[in-house]
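Survey of secondary and tertiary structure
These are the residues of each chain, in order.
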Amino acid sequence: MADFKAFDKTSKVLITGAAGFIGFHLARRLLSLGASVLGFDNLNDYYDVSLKESRLAILGRFPRFTFVKGDLADEKAVMGLFESFHPDIVVNLAAQAGVRYSIDHPRSYIDSNIVGFFNILEACRRHKVAHLLFASSSSVYGNQQKTPFSTADNVDHPISLYAATKKSDELMAYAYSHLYGIPATGLRFFTVYGPFGRPDMAYFKFANKIRRGEAIQIYNHGDMYRDFTYVDDIVTGIEHMLCNPPRKNELGDAYKVYNIGNHQPEQLMHFIEVLEQALGKKAKKEYLPMQPGDVYQTYADVSELQRDFDFKPETTIEEGLGKFAQWYKTYYK
Ligand SMILES: NC(=O)c1ccc[n+]([C@@H]2O[C@H](COP(=O)([O-])OP(=O)(O)OC[C@H]3O[C@@H](n4cnc5c(N)ncnc54)[C@H](O)[C@@H]3O)[C@@H](O)[C@H]2O)c1
(Lines give C-alpha, C1' and ligand atoms only; values in the text may rest on other atoms or scores of the structure.)
Protein backbone atom coordinates (compact mmCIF):
# COMPACT_ATOMS: atom_id res chain seq x y z
CA MET A 1 0.00 0.00 0.00
CA ALA A 2 1.38 3.39 -0.97
CA ASP A 3 2.04 5.84 1.83
CA PHE A 4 -0.02 8.94 1.09
CA LYS A 5 -2.34 11.30 2.96
CA ALA A 6 -6.07 11.30 2.30
CA PHE A 7 -7.59 14.60 1.18
CA ASP A 8 -8.01 16.94 4.15
CA LYS A 9 -11.45 18.47 3.84
CA THR A 10 -10.41 21.55 5.83
CA SER A 11 -8.26 22.55 2.82
CA LYS A 12 -9.35 25.53 0.77
CA VAL A 13 -9.10 24.63 -2.89
CA LEU A 14 -9.04 27.01 -5.83
CA ILE A 15 -10.15 25.28 -9.03
CA THR A 16 -9.74 27.24 -12.25
CA GLY A 17 -11.95 26.03 -15.08
CA ALA A 18 -14.57 24.96 -12.51
CA ALA A 19 -17.39 25.42 -15.02
CA GLY A 20 -15.53 23.09 -17.38
CA PHE A 21 -15.95 19.34 -17.66
CA ILE A 22 -13.18 18.06 -15.37
CA GLY A 23 -13.26 21.12 -13.09
CA PHE A 24 -16.96 20.58 -12.44
CA HIS A 25 -16.52 16.92 -11.54
CA LEU A 26 -13.54 17.66 -9.30
CA ALA A 27 -15.31 20.55 -7.56
CA ARG A 28 -18.40 18.41 -6.95
CA ARG A 29 -16.32 15.60 -5.44
CA LEU A 30 -14.42 17.93 -3.09
CA LEU A 31 -17.56 19.81 -2.06
CA SER A 32 -19.28 16.49 -1.34
CA LEU A 33 -16.37 15.68 0.97
CA GLY A 34 -16.97 18.98 2.82
CA ALA A 35 -14.15 21.12 1.43
CA SER A 36 -14.37 24.83 0.57
CA VAL A 37 -13.95 25.40 -3.13
CA LEU A 38 -13.47 28.63 -5.03
CA GLY A 39 -14.26 28.16 -8.69
CA PHE A 40 -12.92 30.49 -11.37
CA ASP A 41 -13.89 30.45 -15.02
CA ASN A 42 -14.46 32.94 -17.85
CA LEU A 43 -17.40 30.90 -19.23
CA ASN A 44 -16.11 31.37 -22.77
CA ASP A 45 -18.18 30.20 -25.73
CA TYR A 46 -15.69 27.69 -27.16
CA TYR A 47 -18.62 25.31 -26.68
CA ASP A 48 -22.22 25.62 -25.49
CA VAL A 49 -22.18 28.02 -22.53
CA SER A 50 -25.47 26.66 -21.19
CA LEU A 51 -23.70 23.39 -20.38
CA LYS A 52 -21.19 25.35 -18.28
CA GLU A 53 -24.07 27.16 -16.58
CA SER A 54 -25.82 23.85 -15.83
CA ARG A 55 -22.65 22.57 -14.18
CA LEU A 56 -22.34 25.76 -12.11
CA ALA A 57 -25.99 25.50 -11.06
CA ILE A 58 -25.23 22.08 -9.54
CA LEU A 59 -22.10 23.36 -7.78
CA GLY A 60 -24.08 26.36 -6.51
CA ARG A 61 -26.19 24.03 -4.35
CA PHE A 62 -23.19 23.46 -2.10
CA PRO A 63 -22.87 26.18 0.58
CA ARG A 64 -19.07 25.96 0.52
CA PHE A 65 -18.84 26.75 -3.16
CA THR A 66 -17.98 30.26 -4.32
CA PHE A 67 -17.70 31.23 -7.94
CA VAL A 68 -15.83 34.12 -9.53
CA LYS A 69 -16.18 34.83 -13.23
CA GLY A 70 -12.95 36.07 -14.74
CA ASP A 71 -10.14 35.46 -17.16
CA LEU A 72 -6.83 33.77 -16.31
CA ALA A 73 -5.08 36.22 -18.61
CA ASP A 74 -6.26 39.08 -16.37
CA GLU A 75 -3.40 39.42 -13.90
CA LYS A 76 -5.36 41.52 -11.39
CA ALA A 77 -8.33 39.15 -11.40
CA VAL A 78 -6.08 36.16 -10.70
CA MET A 79 -4.14 37.95 -7.96
CA GLY A 80 -7.45 39.05 -6.42
CA LEU A 81 -8.56 35.43 -6.08
CA PHE A 82 -5.52 34.57 -4.00
CA GLU A 83 -5.81 37.73 -1.90
CA SER A 84 -9.43 37.12 -0.98
CA PHE A 85 -9.55 33.31 -0.70
CA HIS A 86 -6.01 32.35 0.43
CA PRO A 87 -6.13 28.89 -1.19
CA ASP A 88 -4.11 26.04 0.34
CA ILE A 89 -4.28 24.07 -2.87
CA VAL A 90 -4.61 25.34 -6.43
CA VAL A 91 -5.79 23.12 -9.30
CA ASN A 92 -5.36 24.86 -12.63
CA LEU A 93 -7.69 23.25 -15.15
CA ALA A 94 -8.76 26.37 -17.05
CA ALA A 95 -7.26 26.32 -20.51
CA GLN A 96 -8.07 26.56 -24.12
CA ALA A 97 -8.49 22.87 -24.83
CA GLY A 98 -8.80 20.98 -28.10
CA VAL A 99 -6.19 20.01 -30.66
CA ARG A 100 -8.02 20.86 -33.88
CA TYR A 101 -9.17 24.32 -32.75
CA SER A 102 -5.51 25.26 -32.15
CA ILE A 103 -4.83 25.00 -35.87
CA ASP A 104 -7.10 28.00 -36.64
CA HIS A 105 -7.18 29.83 -33.30
CA PRO A 106 -3.60 29.75 -32.01
CA ARG A 107 -3.78 33.01 -30.06
CA SER A 108 -6.37 31.84 -27.57
CA TYR A 109 -3.94 29.05 -26.56
CA ILE A 110 -1.21 31.56 -25.85
CA ASP A 111 -3.58 33.83 -23.91
CA SER A 112 -5.10 31.15 -21.67
CA ASN A 113 -2.47 28.42 -21.50
CA ILE A 114 0.71 30.52 -21.46
CA VAL A 115 -0.13 34.02 -20.18
CA GLY A 116 -2.97 32.67 -18.01
CA PHE A 117 -0.84 29.94 -16.47
CA PHE A 118 2.00 32.40 -15.92
CA ASN A 119 -0.44 34.52 -13.86
CA ILE A 120 -1.26 31.48 -11.75
CA LEU A 121 2.44 30.81 -11.17
CA GLU A 122 3.07 34.43 -10.20
CA ALA A 123 0.13 34.35 -7.78
CA CYS A 124 1.49 31.12 -6.24
CA ARG A 125 4.86 32.81 -5.84
CA ARG A 126 3.36 35.76 -3.96
CA HIS A 127 0.84 33.78 -1.92
CA LYS A 128 2.44 30.61 -0.67
CA VAL A 129 0.36 27.55 -1.45
CA ALA A 130 0.90 24.03 -0.15
CA HIS A 131 0.43 22.47 -3.59
CA LEU A 132 -0.16 23.58 -7.16
CA LEU A 133 -1.62 20.99 -9.53
CA PHE A 134 -2.10 21.79 -13.18
CA ALA A 135 -3.53 20.14 -16.27
CA SER A 136 -1.14 19.02 -18.94
CA SER A 137 -2.16 16.53 -21.61
CA SER A 138 -1.30 13.24 -23.27
CA SER A 139 -0.93 15.31 -26.44
CA VAL A 140 2.60 16.23 -25.28
CA TYR A 141 3.63 12.75 -26.49
CA GLY A 142 2.88 13.79 -30.08
CA ASN A 143 3.16 10.95 -32.58
CA GLN A 144 5.39 8.83 -30.39
CA GLN A 145 5.64 5.25 -31.62
CA LYS A 146 6.85 3.69 -28.39
CA THR A 147 4.06 2.53 -26.10
CA PRO A 148 3.00 2.82 -23.38
CA PHE A 149 3.76 6.54 -23.03
CA SER A 150 5.93 7.12 -19.98
CA THR A 151 6.70 10.39 -18.20
CA ALA A 152 10.36 9.43 -18.67
CA ASP A 153 9.96 9.67 -22.48
CA ASN A 154 11.31 12.66 -24.36
CA VAL A 155 8.40 14.94 -25.29
CA ASP A 156 10.12 17.54 -27.41
CA HIS A 157 8.05 16.77 -30.53
CA PRO A 158 4.59 18.33 -30.17
CA ILE A 159 2.46 18.19 -33.31
CA SER A 160 -0.01 20.93 -32.33
CA LEU A 161 0.28 24.31 -30.66
CA TYR A 162 -2.07 23.00 -27.97
CA ALA A 163 0.48 20.30 -27.11
CA ALA A 164 3.30 22.86 -27.23
CA THR A 165 1.49 25.09 -24.70
CA LYS A 166 0.93 22.15 -22.35
CA LYS A 167 4.59 21.14 -22.50
CA SER A 168 5.49 24.82 -21.93
CA ASP A 169 3.28 24.81 -18.82
CA GLU A 170 5.25 21.88 -17.47
CA LEU A 171 8.52 23.73 -18.03
CA MET A 172 7.29 27.01 -16.54
CA ALA A 173 5.94 25.19 -13.49
CA TYR A 174 9.27 23.41 -13.06
CA ALA A 175 11.17 26.70 -13.10
CA TYR A 176 8.80 28.28 -10.55
CA SER A 177 8.94 25.20 -8.39
CA HIS A 178 12.75 25.33 -8.45
CA LEU A 179 13.10 29.10 -7.97
CA TYR A 180 10.38 29.74 -5.41
CA GLY A 181 9.89 26.36 -3.76
CA ILE A 182 6.33 25.88 -5.06
CA PRO A 183 5.41 22.18 -4.80
CA ALA A 184 3.91 21.43 -8.20
CA THR A 185 2.31 18.42 -9.90
CA GLY A 186 1.55 18.25 -13.63
CA LEU A 187 -1.31 16.02 -14.78
CA ARG A 188 -1.17 14.45 -18.22
CA PHE A 189 -4.79 13.47 -18.83
CA PHE A 190 -5.66 10.91 -21.52
CA THR A 191 -8.91 11.50 -23.52
CA VAL A 192 -11.35 12.08 -20.69
CA TYR A 193 -15.06 11.30 -21.19
CA GLY A 194 -18.21 11.08 -19.13
CA PRO A 195 -21.46 12.82 -18.13
CA PHE A 196 -21.44 16.61 -18.55
CA GLY A 197 -18.55 16.10 -20.98
CA ARG A 198 -17.18 18.38 -23.68
CA PRO A 199 -19.33 18.76 -26.81
CA ASP A 200 -16.22 19.41 -28.93
CA MET A 201 -14.83 15.92 -28.25
CA ALA A 202 -15.42 13.05 -30.67
CA TYR A 203 -17.64 10.84 -28.49
CA PHE A 204 -19.94 13.79 -27.73
CA LYS A 205 -20.11 14.86 -31.38
CA PHE A 206 -20.85 11.25 -32.30
CA ALA A 207 -23.70 11.17 -29.78
CA ASN A 208 -25.16 14.41 -31.19
CA LYS A 209 -25.01 13.11 -34.75
CA ILE A 210 -26.41 9.70 -33.85
CA ARG A 211 -29.33 11.47 -32.11
CA ARG A 212 -30.00 13.60 -35.21
CA GLY A 213 -29.53 10.71 -37.62
CA GLU A 214 -26.53 12.41 -39.29
CA ALA A 215 -23.33 10.69 -40.39
CA ILE A 216 -20.42 10.70 -37.94
CA GLN A 217 -16.96 11.59 -39.26
CA ILE A 218 -14.39 8.89 -38.60
CA TYR A 219 -10.84 10.04 -39.18
CA ASN A 220 -7.94 7.94 -40.46
CA HIS A 221 -10.69 5.57 -41.65
CA GLY A 222 -11.14 4.42 -38.05
CA ASP A 223 -7.55 3.26 -37.63
CA MET A 224 -6.78 5.05 -34.36
CA TYR A 225 -6.34 4.09 -30.75
CA ARG A 226 -7.24 6.17 -27.72
CA ASP A 227 -6.72 5.53 -24.05
CA PHE A 228 -10.22 6.71 -23.09
CA THR A 229 -10.38 7.61 -19.41
CA TYR A 230 -13.58 7.94 -17.41
CA VAL A 231 -13.85 11.27 -15.62
CA ASP A 232 -14.41 9.79 -12.14
CA ASP A 233 -11.05 8.03 -12.43
CA ILE A 234 -9.38 11.34 -13.26
CA VAL A 235 -11.05 12.94 -10.25
CA THR A 236 -10.02 10.10 -7.93
CA GLY A 237 -6.44 10.37 -9.14
CA ILE A 238 -6.41 14.11 -8.43
CA GLU A 239 -8.13 13.65 -5.07
CA HIS A 240 -5.35 11.28 -3.99
CA MET A 241 -2.69 13.79 -5.01
CA LEU A 242 -4.13 16.97 -3.48
CA CYS A 243 -2.62 16.67 -0.01
CA ASN A 244 0.53 14.94 -1.26
CA PRO A 245 2.82 17.47 -2.87
CA PRO A 246 5.71 15.76 -4.63
CA ARG A 247 8.77 14.76 -2.66
CA LYS A 248 11.92 16.55 -3.73
CA ASN A 249 13.59 14.94 -6.73
CA GLU A 250 17.33 14.29 -7.09
CA LEU A 251 17.85 17.97 -7.97
CA GLY A 252 16.07 19.12 -4.81
CA ASP A 253 12.88 20.28 -6.60
CA ALA A 254 9.38 19.36 -5.42
CA TYR A 255 8.01 18.77 -8.90
CA LYS A 256 6.43 15.75 -10.56
CA VAL A 257 4.39 14.91 -13.65
CA TYR A 258 1.94 11.98 -13.74
CA ASN A 259 0.03 10.29 -16.52
CA ILE A 260 -3.61 9.69 -15.64
CA GLY A 261 -5.04 7.36 -18.25
CA ASN A 262 -6.83 4.06 -18.52
CA HIS A 263 -3.67 2.24 -19.78
CA GLN A 264 -6.02 0.42 -22.16
CA PRO A 265 -5.97 1.82 -25.70
CA GLU A 266 -9.27 1.19 -27.45
CA GLN A 267 -9.67 0.82 -31.19
CA LEU A 268 -11.83 3.73 -32.35
CA MET A 269 -14.30 1.48 -34.19
CA HIS A 270 -14.83 -0.64 -31.08
CA PHE A 271 -15.38 2.52 -29.02
CA ILE A 272 -18.04 3.62 -31.54
CA GLU A 273 -19.77 0.22 -31.35
CA VAL A 274 -19.97 0.45 -27.56
CA LEU A 275 -21.32 4.01 -27.82
CA GLU A 276 -23.96 2.87 -30.34
CA GLN A 277 -25.02 0.11 -27.97
CA ALA A 278 -25.17 2.52 -25.02
CA LEU A 279 -27.29 5.01 -26.99
CA GLY A 280 -29.39 2.25 -28.53
CA LYS A 281 -28.92 3.51 -32.09
CA LYS A 282 -26.53 2.77 -34.98
CA ALA A 283 -24.49 5.60 -36.51
CA LYS A 284 -24.27 6.48 -40.19
CA LYS A 285 -20.57 6.67 -40.95
CA GLU A 286 -18.34 8.81 -43.13
CA TYR A 287 -14.69 7.73 -43.34
CA LEU A 288 -12.07 10.47 -43.74
CA PRO A 289 -8.26 10.78 -43.74
CA MET A 290 -6.21 11.78 -40.70
CA GLN A 291 -6.58 15.41 -39.56
CA PRO A 292 -3.61 17.73 -38.96
CA GLY A 293 -2.58 17.72 -35.30
CA ASP A 294 -4.24 14.37 -34.59
CA VAL A 295 -2.14 11.54 -33.22
CA TYR A 296 -2.46 7.86 -34.17
CA GLN A 297 -2.56 6.44 -30.68
CA THR A 298 -2.38 7.22 -26.99
CA TYR A 299 -1.53 4.75 -24.26
CA ALA A 300 -0.65 5.74 -20.70
CA ASP A 301 1.96 4.10 -18.54
CA VAL A 302 0.46 4.63 -15.09
CA SER A 303 3.03 2.70 -13.03
CA GLU A 304 4.05 5.84 -11.12
CA LEU A 305 0.45 6.62 -10.23
CA GLN A 306 0.08 3.09 -8.97
CA ARG A 307 3.37 3.19 -7.06
CA ASP A 308 2.71 6.52 -5.33
CA PHE A 309 -1.08 6.39 -4.83
CA ASP A 310 -1.97 2.73 -5.06
CA PHE A 311 -4.42 3.71 -7.78
CA LYS A 312 -5.03 3.28 -11.47
CA PRO A 313 -8.12 4.03 -13.56
CA GLU A 314 -10.22 0.88 -13.98
CA THR A 315 -13.53 1.99 -15.53
CA THR A 316 -14.26 0.07 -18.73
CA ILE A 317 -15.70 1.90 -21.75
CA GLU A 318 -18.82 -0.28 -21.43
CA GLU A 319 -19.44 1.09 -17.93
CA GLY A 320 -18.26 4.65 -18.63
CA LEU A 321 -20.09 5.10 -21.93
CA GLY A 322 -23.17 3.56 -20.31
CA LYS A 323 -23.10 6.33 -17.69
CA PHE A 324 -22.43 8.97 -20.34
CA ALA A 325 -25.35 7.75 -22.49
CA GLN A 326 -27.69 7.69 -19.49
CA TRP A 327 -26.80 11.29 -18.65
CA TYR A 328 -26.93 12.37 -22.32
CA LYS A 329 -30.43 10.98 -22.87
CA THR A 330 -31.76 12.71 -19.75
CA TYR A 331 -29.99 16.01 -20.38
CA TYR A 332 -31.06 16.33 -24.02
CA LYS A 333 -34.40 14.57 -23.53
N1 LIG B 1 -10.93 16.47 -21.41
C2 LIG B 1 -9.82 15.89 -21.85
O3 LIG B 1 -9.86 14.85 -22.50
C4 LIG B 1 -8.47 16.49 -21.55
C5 LIG B 1 -7.34 15.77 -21.95
C6 LIG B 1 -6.09 16.30 -21.68
C7 LIG B 1 -5.96 17.50 -21.02
N8 LIG B 1 -7.09 18.20 -20.66
C9 LIG B 1 -6.91 19.46 -19.96
O10 LIG B 1 -7.65 19.42 -18.77
C11 LIG B 1 -8.15 20.72 -18.45
C12 LIG B 1 -9.65 20.68 -18.29
O13 LIG B 1 -10.22 20.22 -19.50
P14 LIG B 1 -11.78 20.05 -19.73
O15 LIG B 1 -11.95 18.88 -20.60
O16 LIG B 1 -12.49 20.14 -18.44
O17 LIG B 1 -12.04 21.36 -20.63
P18 LIG B 1 -13.19 22.46 -20.55
O19 LIG B 1 -13.02 23.30 -21.76
O20 LIG B 1 -14.51 21.80 -20.34
O21 LIG B 1 -12.82 23.27 -19.27
C22 LIG B 1 -11.96 24.37 -19.25
C23 LIG B 1 -12.68 25.53 -18.61
O24 LIG B 1 -11.77 26.61 -18.53
C25 LIG B 1 -12.42 27.80 -18.88
N26 LIG B 1 -11.42 28.71 -19.43
C27 LIG B 1 -10.75 28.60 -20.60
N28 LIG B 1 -9.90 29.63 -20.76
C29 LIG B 1 -10.04 30.39 -19.66
C30 LIG B 1 -9.43 31.60 -19.23
N31 LIG B 1 -8.53 32.22 -19.99
N32 LIG B 1 -9.79 32.11 -18.04
C33 LIG B 1 -10.71 31.50 -17.26
N34 LIG B 1 -11.33 30.36 -17.63
C35 LIG B 1 -10.98 29.82 -18.80
C36 LIG B 1 -13.47 27.42 -19.89
O37 LIG B 1 -14.58 28.32 -19.90
C38 LIG B 1 -13.89 26.03 -19.43
O39 LIG B 1 -15.04 26.07 -18.62
C40 LIG B 1 -7.68 21.61 -19.58
O41 LIG B 1 -6.49 22.24 -19.16
C42 LIG B 1 -7.41 20.66 -20.71
O43 LIG B 1 -6.46 21.18 -21.61
C44 LIG B 1 -8.33 17.71 -20.89
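The structure this text deals with has already been given above.
Quick summary incoming for the structure in this document. As the structure is a prediction and not an experimental result, all values here were calculated from the model.

1. Here's the deal with the layout of surface pockets
Looking at the second largest pocket, its volume works out to about 500 Å³. What lines the second largest pocket is a set of 23 residues, and nearest its centre among them are Pro246, Arg247, Lys256, Tyr258 and Asp308. Those elements that place two or more of their residues in the lining of the second largest pocket are strand 11 (255-260) and helix 10 (303-309).

2. Here we look at the packing of aromatic side chains
A complete count under the given rule lists 34 aromatic pairs for this structure. Aromatic pair phenylalanine 196 and tryptophan 327: ring centres 5.0 Å apart, planes at 40 degrees, arrangement tilted. Of the two residues, phenylalanine 196 is situated in the loop between strand 7 (192-193) and helix 7 (202-212) and tryptophan 327 in helix 11 (residues 317-331); the sequence distance between them amounts to 131 residues. Of the two residues, phenylalanine 196 and tryptophan 327, both sit in the buried class. In this structure, arginine 125 packs its charged tip against the face of tyrosine 180, placed 4.7 Å from the ring centre. Its end group placed over the ring of tyrosine 258, lysine 256 keeps NZ or CZ at 5.1 Å from the ring centre.

3. Some remarks on the pattern of salt bridges
According to the stated counting rule, one finds 14 salt bridges in the structure shown. Residue glutamate 304 is joined to lysine 256 by a salt bridge in which the shortest nitrogen-to-oxygen separation is 2.9 Å. Here glutamate 304 is found in helix 10, whereas its partner lysine 256 is found in strand 11, with 48 residues between them in sequence. Owing to a relative accessible area of 19%, lysine 256 belongs among the buried residues under this scheme.

4. Here's the deal with the nonpolar core
In this structure, Ile15, Leu30, Val91, Phe189 and Phe324 are the most contacted members of the largest nonpolar core, which totals 76 residues. Ranked by the residues each element gives to this core, the list is headed by helix 1 (residues 21-32), at seven residues. Once residues within four sequence positions are removed from consideration, isoleucine 15 is found in contact with Gly23, Leu26, Ala27, Leu30, Val37, Leu38, Gly39, Phe40, Val91 and Leu93. Of all hydrophobic cores here, the second largest spans 25 residues; its members include Ala94, Phe134, Tyr176 and Tyr255.

Calculation criteria
Residue positions are counted from 1 within each chain, in the order its sequence is given. At least 70 in pLDDT is required for a residue's local features to be given in this predicted model, at least 80 for side-chain atom pairs to be given and counted, and no such filter applies to totals for whole chains, interfaces and linings, which use all residues. Side-chain measures were taken over the full set of non-hydrogen atoms in the model, leaving aside hydrogen atoms and water. Put simply, the grid is 1 Å and covers the protein atoms alone, a cavity is a trapped set of points that fit a 1.4 Å probe, a pocket is an open set with protein on both sides within 12 Å along at least five of seven lines, and lining residues have an atom within 4 Å of a point. Grid points are joined across faces, edges and corners, and a volume is the space filled by probe spheres set on the points. Here a strand is any run of E in DSSP of at least two residues, a helix any run of H or I of at least four, and the numbering for each starts at the N terminus. Centre distance within 6.5 Å is the pairing criterion for rings of Phe, Tyr and Trp, where only the six-membered ring of Trp is used; planes under 30 degrees apart are then read as stacked, over 60 as edge-to-face, and the remainder as tilted. Burial classes follow relative accessibility: with a 1.4 Å probe on protein chains only, a residue under 20% of its type's maximum area counts as buried, one over 50% as exposed, and anything between as partly exposed. Look at NZ for Lys and CZ for Arg. If either is within 6 Å of the ring centre and within 35 degrees of the ring normal, a charge sits over the ring. Here, a salt bridge means any side-chain nitrogen of Lys or Arg that lies within 4 Å of a carboxyl oxygen of Asp or Glu. By convention a nonpolar core is built from buried Ala, Val, Leu, Ile, Met, Phe, Trp, Tyr and Cys residues, the set being connected through side-chain atoms within 4.5 Å. Two residues qualify as a contact provided that any one of their heavy atoms is within 4.5 Å of a heavy atom in the partner residue.

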